[in-house]
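Structural overview for review
Take a look at the letters that make up each chain.
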Amino acid sequence: MCGIVAYIGQKKAYPILIKGLSRLEYRGYDSAGVALQNESGVNLYKKKGKVADLVAFTEGKDTSGRVGMGHTRWATHGKPDDINAHPHSGNEGRLLLVHNGIIENYSVIKSALQKTNGHVFSSETDTEVLVHLIEEIQKTDNLPLEDAVRKALVKVHGAYAIVVMDRNEPGKLVAARKSSPLLIGIGDKEFLVASDATPIVEHTKNVVYLNDEEVATITMEDGLVIKNLKNETSSHTVHSVELEIEQLEKGGYDYFMLKEIFEQPVTIAECMRGRMNADEGWVRLGGMEEHLKRMLNAQRMIILGCGTSWHAGMIAEYLFEDLARLPVEVEYASEFRYRNPVVREQDVVLAISQSGETADTFAALELARERGALTYGIVNVVGSSIARLTHSGSYIHVGPEIGVASTKAFTGQVTMLTMMALILGYERGYLPKSEYQELVQELSLLPSKVERLLSTCQKQVEYIAGELKDATNALYLGRGYNFPVALEGALKLKEISYIHAEGYPAAEMKHGPIALIDEHMPVFVIATNKSAYEKVVSNIQEVKARKGVVIAIVTEGDTTIKSIADHTIEIPDTREPFTPLLSVIPLQLLAYHAAVLRGCNVDQPRNLAKSVTVE
Ligand code: G6P
C-alpha cells in the first residue's frame, strides 16, 4: 500500500524513479509524484492518477538530478488528487517527504503545530503533519535532518516507511520504517531505497532490510549509516535478493494476471521442488522439521490471513482436520487481533500472506507470539516482515505476483498447506504409509494436470465469460473442499470485473441466496466432490427450477451434470483434498476474461492495492 522509491548516485535519478514507481504501482495507483534534487535546487512534480499521468505531466520539464525520490499512493487520509499526492513538504518548503503507512496521532500533532507554531497545512493527509513536525524540530533544535527525523519519529504513533530530503542538505536521503517495509539497495556508487526489491534488482542484488524504528542516512561521502531511535548505531547485514528482471515483465501476455494464471503449472512445481519425492513417497519441509515435535503435539492450529490468503487458510482447515485430525480455527487477521482471543502455548499459529507485509496479519501474529504460541509463516516474498517475525515457516516460491488479484500465490499457498497436511497426517499417525505415499504420488501430478486444464478450458471459459459479462450479480456454490474455492471464485470476479458476486456453501443457498435466483443470475457450481455428489446435483436442480443459469465445474467424463447445467467445464480427476488446485483455475480465468470484456484494468482494479500495509 503506497510505493516508495528513492535514488542517490551517479546516474540520472528520474528514469530510475519512474521505472521503479511503475514496478511498485501494484501497491497503489491513486497518484504519483517525484522530487528531484539538482545543482539549482529541487523540482517537485505530482499528479493524480497513474505513473503514466505523472510522466505525461513532466514532459518538457526539468527532470535532471542524481538524487530523488518518488511515491505512488493508495489513498487513506484525503481523496486522490494532486494536492494529497506525495512528496509533501513542510511550512517552509525546505523538506520533502514520501510516506507509506498511517500516522495515527496526526490530528493531535496537527492542532499543536497550528496553534503553537502557526503551521499552515495544504493537504488532508497525515503525511503532511509528519513533515511539518520534522521541520519544526529541525528549526527549533537546529538539527541536521537525520536527527530531526529521529526526534520526530519518537513522537508519532502508527506505521511508517518514509524517505526525507532537505533542500539545505543536498546529496542526502534519510529513510526510516516502522511496520511498513523498506529496503536499501547498495550498488556501485549508488543507493536505492524502496518498498520492495522490484525497483532495486535492476541495479543491484545487494539489499539491507531496514528494521522497525531504524533511521538510515545515506550520502555519497559516508555511504549508509543506520541508527535506532535512541541514536545508537545499528549493524546491518547485506542480503542477496534472488529476483530476475524477466519475472517482473509481462512476457508477451496482455496482463500480469493472465501471465500469472498460466505460470501455475510451473509455480506449483516450484513450490514442491526439493520438498517432495513421488518415487520415494515423502514430503519434507525444512521449516517444519525444526519444530516438528511441537507441531505434532499442538492442541490446535490457528490460521490467520486476509483476502485470498484467508481462503487458502479455509482450505487448510479442511486439509488439516481431514488428513491429520488436527483441530483448526481460521481467522480473519483483522478480527483476531481485536477480540482478545484465547491463544495458548500449545497452539500453532499459521500466518498466510503472499506479500508478507499485510498489516493486520503482521499485528495478529505479533499478538500470537506474545501469548507464547509457535508461529509459522506461509509467505511468498522472501525477507518480508511476516517471514522475519515468525519462528519458522516455508516460502511458497512462486515468484513475484504483480496482478492485484492473487492467482499463483493462492495455488502456491494451497500446495504448501497440502504438503503440510500430508506431513502432519502421516507423522500424527492418521495417514497410513500406503495412503500417504499414494497421496504424495497424486499431488506430484498436479502441475501437469493444471497445465492440461489450462490448455483445454481457455476457449470455453472465454466463451462463457462473453455470455455472462453483462450480469450484475453472480453466485458461487461449493461444498467441502470446494466451498472456499467458491469464495475465491466470487472474490476474483468482483474485484476485477466489478460484478457483484457471493460465495456460499451449496447447501446454505436455501437459507437466503435462493431468493435472488432468476433467469438473469449466473450460478457457478463447483461439483467435483465425490463425497457429496448427489447433494450437489440436487442443488443444481434447485437452481434450474428457478431458471438460474448454471455453470458447473465437473470432473472429466461427468455426463449427469452435463445434461442439467447450461455450461460445464471439465477438470481432470484427482483425489478430493486436491481438487481446489484444479477447480479454482477456470474461475480465475473466467474472472479475467469477464473483466477484459467489460473493459476493466485487470491488473489494477479500482480502489484496491496488492499489499495492504495499513490496518
Ligand atoms: C489484498 C490483495 C489480495 C490479498 C490480500 C492479502 O487485498 O489485493 O490479493 O489476498 O491483500 O494479502 P497477503 O499479501 O497478506 O496475502
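Residues numbered from 1 in each chain as written. Predicted model: local features only at pLDDT ≥ 70, side-chain atom pairs only at ≥ 80, totals over all residues. Heavy atoms only, no water.

**Some words on the overall build of the chain**
Across its full length, the chain carries 19 helices and 26 strands. Taking 615 residues into account, the globule formula puts the C-alpha radius of gyration at 25 Å, and the chain, at 25 Å, falls close to it. Principal axes of the C-alpha set define a box for the chain whose edges measure 80 × 55 × 45 Å. In the chain, which comprises 615 residues, the share counted as buried stands at 62%. Where the 64 positive side-chain charges of the chain centre and where its 79 negative ones centre are 2 Å apart. (Helix = DSSP H or I, 4+ residues; strand = E, 2+ residues; numbered from the N terminus. Rg over C-alpha atoms; globule rule 2.2 N^0.38 Å. Buried < 20%, exposed > 50% of the residue type's maximum accessible area, 1.4 Å probe, protein only. Lys, Arg positive; Asp, Glu negative; His and termini not counted. Charge placed at Lys NZ, Arg CZ, Asp CG, Glu CD.)

**Considerations on the site of the ligand**
Neighbouring the ligand are 13 residues, the closest being Ser309, Ser353, Gln354, Ser355 and Thr358. Contacts to the ligand include Thr308, whose backbone N or O atom sits 3.0 Å from an oxygen atom. The side chain of Ser355 places a nitrogen or oxygen atom 2.6 Å from an oxygen atom of the ligand. Protein chains shield 90% of the accessible area of the ligand, which is 390 Å² for the free molecule. A per-element tally of the shell around the ligand places helix α10 (residues 307-324) first, with three residues. For the shell around the ligand, the residue count by class is four nonpolar, eight polar and one charged. (Near = heavy atom within 4 Å. Polar contact = N/O pair within 3.5 Å; in protein donor to acceptor, adjacent residues only side chain to side chain. Areas by Shrake-Rupley, 256 points an atom, 1.4 Å probe, with all protein chains shown as cover. Nonpolar A, V, L, I, M, F, W, Y, C, P; charged D, E, K, R; others polar.)

**Section: helix α2 (residues 51-58)**
Listed as buried for α2 are Val51, Leu54 and Thr58. One face of α2 carries all of its buried residues, which in axial projection span an arc of 55 degrees. Residues Ala52 and Ala56 are exposed on α2 and point more than 90 degrees away from its buried face. Where the residues of α2 are buried, they touch α1 (13-24), β2 (31-38) and β3 (41-48). Where α2 terminates, the next one or two residues include Gly60, which has phi positive at roughly 80 degrees. (Arc of directions from axis to C-beta. Contact = heavy atoms within 4.5 Å.)

**Some details on the sheet that holds strand β25 (residues 549-555)**
The five strands are arranged β23-β22-β24-β25-β26 in an open sheet whose pairing can be described as parallel. Only two strands of the sheet have a single partner each, and these edge strands are β23 (500-505) and β26 (567-571). Neighbour to neighbour, the strand axes of the sheet diverge by 20 degrees on average, direction disregarded. Here strand β24 (residues 522-526) runs beside β25; their pairing, made up of five bridges, is parallel. Directly across from Ile526, in β25, lies its bridge partner Ile553. Against the sheet, helix α17 (residues 482-497) touches β22 (473-478), β23 and β24, its axis set at about 175 degrees to β23. (Pairing = 2+ DSSP bridges. Axes fitted to C-alpha atoms, helices over the stretch in contact; angles between N-to-C directions.)

**Focus on the pattern of salt bridges**
Scanning the model with the defined rule gives 35 salt bridges in all. Asp81 serves as the salt-bridge partner of Lys79, at 3.9 Å between the closest nitrogen and oxygen. Shared partners join several salt bridges into a network, and the residues in it are Lys19, Arg23, Glu202 and Glu249. (Salt bridge = Lys/Arg side-chain N within 4 Å of Asp/Glu carboxyl O.)

**Description of the nonpolar core**
Counting residues in hydrophobic clusters, the biggest one holds 94 residues, and the most contacted among them are Phe320, Leu417, Met420 and Tyr476. Sequence-distant contacts of Phe320, that is, excluding residues within four places in its chain, are made with Met301, Ile303, Arg325, Leu326, Val328, Leu350, Leu417, Met420, Ala421 and Leu424. Formed by 28 residues, the second largest nonpolar core is a distinct cluster that contains Ile16, Ala197, Leu248 and Ile402. (Core = buried A, V, L, I, M, F, W, Y, C linked by side-chain atoms within 4.5 Å.)

**Topic: the sheet that holds strand β20 (residues 374-379)**
Here five strands make up an open sheet; going across it, the order is β18-β17-β19-β20-β21 and the pairing parallel. Where the open sheet ends on each side, the last strands, each with one partner, are β18 (328-332) and β21 (392-395). For this sheet, the mean angle separating the axes of adjacent strands, direction not counted, is 20 degrees. Inspection of the sheet shows strand β17 (residues 300-305) paired to β18 by five bridges, in the parallel sense. Note that in β18 the partner of Met301 across the bridge is Val328.

**Structural notes on unusual backbone geometry**
At the junction of His86 and Pro87, the peptide bond is cis and its omega measures out at 0 degrees in the coordinates. Looking at the element boundaries, Pro87 is found in the loop between β4 (67-73) and β5 (88-89). Although it is not a glycine, Asn340 adopts a positive phi angle of roughly 50 degrees. Residue Asn340 is classed as exposed on the basis of its relative accessible area of 60%. In this structure, Lys547 takes a positive phi of about 70 degrees despite not being glycine. Relative to the helices and strands, Lys547 resides in the loop between α18 (533-545) and β25.

**Concerning the pairing of strand β10 (residues 191-194)**
Both faces of β10 are covered, namely the face carrying Phe191 and Val193 and the face carrying Leu192 and Ala194. Judged from the four bridges that link them, strand β9 (residues 183-186) and β10 form a sheet pairing that is antiparallel. Within β10, the residue paired with Gly185 across the bridge is Leu192.

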